[in-house]
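Now for the letters of each chain:
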Amino acid sequence: MGTVPTVELQRRFKGWLLNADTNLVAPVLRFSYKITTMAGPEWASYTLGVFVCHSCSGLHRNIAQISKVKSLILDPWTPSELEFMDSVGNNAAKAIYEQLVPAFYYCPTFKDCTVLRDQWIRAKYERKEFLCVEKQEPYSAGYREGFLWKRGRDNGQYLSRKFILSEREGVLKYFNKHDAKEPKAIMKINTLNATFQPSKMGTAHGLQITYLKDNSTRNVFVYHEDGKEIVDWFNGIRAARLRYLQVAFPLALNSELLPKVTRNYLKEGYMEKTGPKHTEGFKKRWFTIDDRRLLYFKDPLDAYARGEVFIGSQENGYIVLPNLPSTIQGYHWPFGITIVTPDRKFLFACETEVEQKEWITAFLTVINRPMLPQEYAVEAYFKHKP
């Protein structure tokens, strides 16, 4: 069977790109032909009829018995392959393979980590989980029990721990011993959050779970060797969180609740900070912006923060300045940031100007957002925190 001439391929590709629509296709992936330049996905699965970005093309190769990929630029295309791509496309494939995606299920974008994208692709095309609700039981049943590798709070060693997620009890709990009757920790679903942290944790399937203990943030770092297991735990937590929110806010729409189910951190990284008198030496700390909480740690994988700062809104007297007060002396990184609150000023220093601008942008994102009624109670707690 012959291949299609280059000019005809270009015409077809233009039409496909106009109709390509998928979360996993990066919006600005550029490639060139001799005659014209276009923006869009560089690869396609010619057995599924969908277009994918370069990164996800590698994940499709992991299910080669189902999805076979070709480059839109480098590979030859046969007339029958082109006809099939014309007859399907991303929107049609989505209508087939995503019929019953639960509202709580995390649908990744090209920005998300590999394990989320890989398991999303496998769930859709390999396991066909969204064509049959019975296949969703591992994360939608409201109860999940199993073993995860958990990082020790003091020694940093990962040990196997039994975890139980119970929607009925409203908790996620873990046990130090497999036969223990009492849990080591009980994490209430109303303050629970989970986010994947492969780079930070140094493991491809690393999941950071946080909850509030005595109104302070506690970190729990876990992973599982099997990608499906850890993603099922993640979506099980999201299912329990959504159901809790639906009960807590019965008049709210799902579209309003879904952003609150789990959250990725607005920004993380190193800065230097000084103390409340502004005469103490600057110390390097790992910072995390989690909603309106700015947390800082001595080490990124510490279980507890060394301190937390509430970041309110501009209307309530919170301001970010791109410098330090002129009176500040001593050695510190050159690019300063001052957070002004109604009670005091917090001083930070960044190593590079790029990092300074990124942190300022992140702070402004929080400060420019009006405070919700329930956030005033959190602010009041920080003001009177012992």
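First, a word on scope: everything that follows refers to the structure included in this document. Everything quoted here is computed from the prediction, not taken from an experiment.

## Digging into unusual backbone geometry
Among all residues except glycine, the phi angle is most often negative; among peptide bonds, the trans geometry is most common.
Moving on, step 1. Positive phi, close to 50°, is recorded for Lys 128, a residue that is not glycine.
Moving on, step 2. Its place among the elements puts Lys 128 in the loop between helix 5 (114-126) and helix 6 (137-140).
Moving on, step 3. Located in the positive-phi region is Asp 291, a residue other than glycine, with phi close to 60°.
Moving on, step 4. As for its position among the elements, Asp 291 is in the loop between strand 14 (283-290) and strand 15 (293-297).

## Remarks on the sheet that holds strand 11 (residues 207-213)
Moving on, step 1. Pairing is antiparallel in the open sheet, where seven strands are placed in the order 9-8-7-6-12-11-10. The sheet is open, and its two borders are formed by strand 9 (185-188) and strand 10 (193-196), each paired with just one other strand. Direction aside, the axes of adjacent strands within the sheet are offset by 35° on average.
Moving on, step 2. Its contacts with the sheet place helix 8 (residues 227-248) against strand 6 (143-151), strand 7 (158-166), strand 8 (171-175), strand 10, strand 11 and strand 12 (216-223), and it is angled at close to 120° to strand 6.

## Some words on the pairing of strand 15
Moving on, step 1. With five of five residues buried, strand 15 lies mostly within the body of the structure.
Moving on, step 2. Across the two faces of strand 15 the burial is the same, with Arg 293, Leu 295 and Phe 297 and Leu 294 and Tyr 296 all buried.
Moving on, step 3. When strand 14 meets strand 15, the two strands line up antiparallel, connected through five bridges. Following the sheet pairing, Ile 289 is matched in strand 15 by Leu 294.
Moving on, step 4. Bridge analysis of strand 15 against strand 16 (residues 307-310) gives four bridges, and the strand direction is antiparallel. By the bridge assignment, Tyr 296 is partnered in strand 16 with Gly 307.

## So, the sheet that holds strand 5 (residues 69-71)
Moving on, step 1. With respect to topology, three strands assemble into an open sheet ordered 4-3-5, the strand pairing being antiparallel. Every interior strand has two partners, whereas the edge strands, strand 4 (50-52) and strand 5, have only one. Within this sheet the neighbouring strands show an average axis-to-axis angle of 30°, counted without direction.
Moving on, step 2. Here strand 3 (residues 43-45) runs beside strand 4; their pairing, made up of three bridges, is antiparallel. Residue pairing across strands places Ala 44 opposite Phe 51, the latter belonging to strand 4.
Moving on, step 3. Sitting on the sheet, helix 2 (residues 54-61) is in contact with strand 3, strand 4 and strand 5, with an inclination near 120° to strand 4.

## What to know about the pattern of salt bridges
Moving on, step 1. Counted by the stated rule, this structure contains 19 salt bridges.
Moving on, step 2. Among the salt bridges present, the one from Arg 144 reaches Glu 229, with a minimum N-O distance of 2.9 Å. Residue Arg 144 is found in strand 6, and its partner Glu 229 is found in helix 8; the two are separated by 85 residues along the sequence.
Moving on, step 3. Using a relative accessible area of 9% as the deciding quantity, one classes Arg 144 as buried.
Moving on, step 4. With a shortest N-O distance of 2.6 Å, Asp 232 and Lys 228 are connected by a salt bridge. Here Asp 232 and its partner Lys 228 are both found in helix 8, four residues apart, which amounts to about one turn of the helix.
Moving on, step 5. Overall, the relative accessible area of 24% leaves Lys 228 in the partly exposed class.
Moving on, step 6. Connected via shared salt-bridge partners are Asp 291, Arg 292, Arg 369 and Glu 375.

## Observations concerning the environment of Ile 367
Moving on, step 1. You can see Ile 367 is positioned in helix 10 (residues 353-367).
Moving on, step 2. Looking at Ile 367, the relative accessible area reads 2%, which means it is buried.
Moving on, step 3. The spatial distance from the C-alpha of Ile 367 to the C-alpha of Ile 319 is 7.2 Å, given a sequence separation of 48 residues.
Moving on, step 4. Those residues within four positions of Ile 367 in sequence are excluded, and the remaining contacts are Ile 311, Gly 312, Ser 313, Gln 314, Glu 315, Tyr 318, Ile 319 and Val 320.

## Some remarks on helix 4 (residues 90-97)
Moving on, step 1. Among all positions in helix 4, only Asn 90, Ala 93 and Tyr 97 are buried. Buried residues of helix 4, viewed axially, fall in a sector of 65°; they line one side.
Moving on, step 2. On the buried face of helix 4, the contacting elements are strand 4 and helix 5.

## Comments concerning the nonpolar core
Moving on, step 1. Grouped together as the largest cluster of nonpolar side chains are 37 residues, with contacts concentrated most on Leu 172, Met 187, Phe 196 and Ile 209.
Moving on, step 2. Among the secondary structure elements, those contributing two or more residues to this core are helix 5, strand 7, strand 8, strand 9, strand 10, strand 11, strand 12 and helix 8.
Moving on, step 3. For this core, the element with the highest residue contribution is helix 8, accounting for nine residues.
Moving on, step 4. Once you skip the residues sitting within four places of it in the chain, Phe 196 turns out to touch Cys 113, Val 115, Leu 116, His 205, Gly 206, Leu 207, Ile 230, Val 231 and Phe 234.
Moving on, step 5. Val 320, Ile 337, Cys 350 and Ala 362 belong to the second-largest nonpolar core, a separate cluster that totals 23 residues.

Conventions adopted
Residues numbered from 1 in each chain as written. Predicted model: local features only at pLDDT ≥ 70, side-chain atom pairs only at ≥ 80, totals over all residues. Heavy atoms only, no water. Helix = DSSP H or I, 4+ residues; strand = E, 2+ residues; numbered from the N terminus. Pairing = 2+ DSSP bridges. Axes fitted to C-alpha atoms, helices over the stretch in contact; angles between N-to-C directions. Contact = heavy atoms within 4.5 Å. Buried < 20%, exposed > 50% of the residue type's maximum accessible area, 1.4 Å probe, protein only. Salt bridge = Lys/Arg side-chain N within 4 Å of Asp/Glu carboxyl O. Arc of directions from axis to C-beta. Core = buried A, V, L, I, M, F, W, Y, C linked by side-chain atoms within 4.5 Å.

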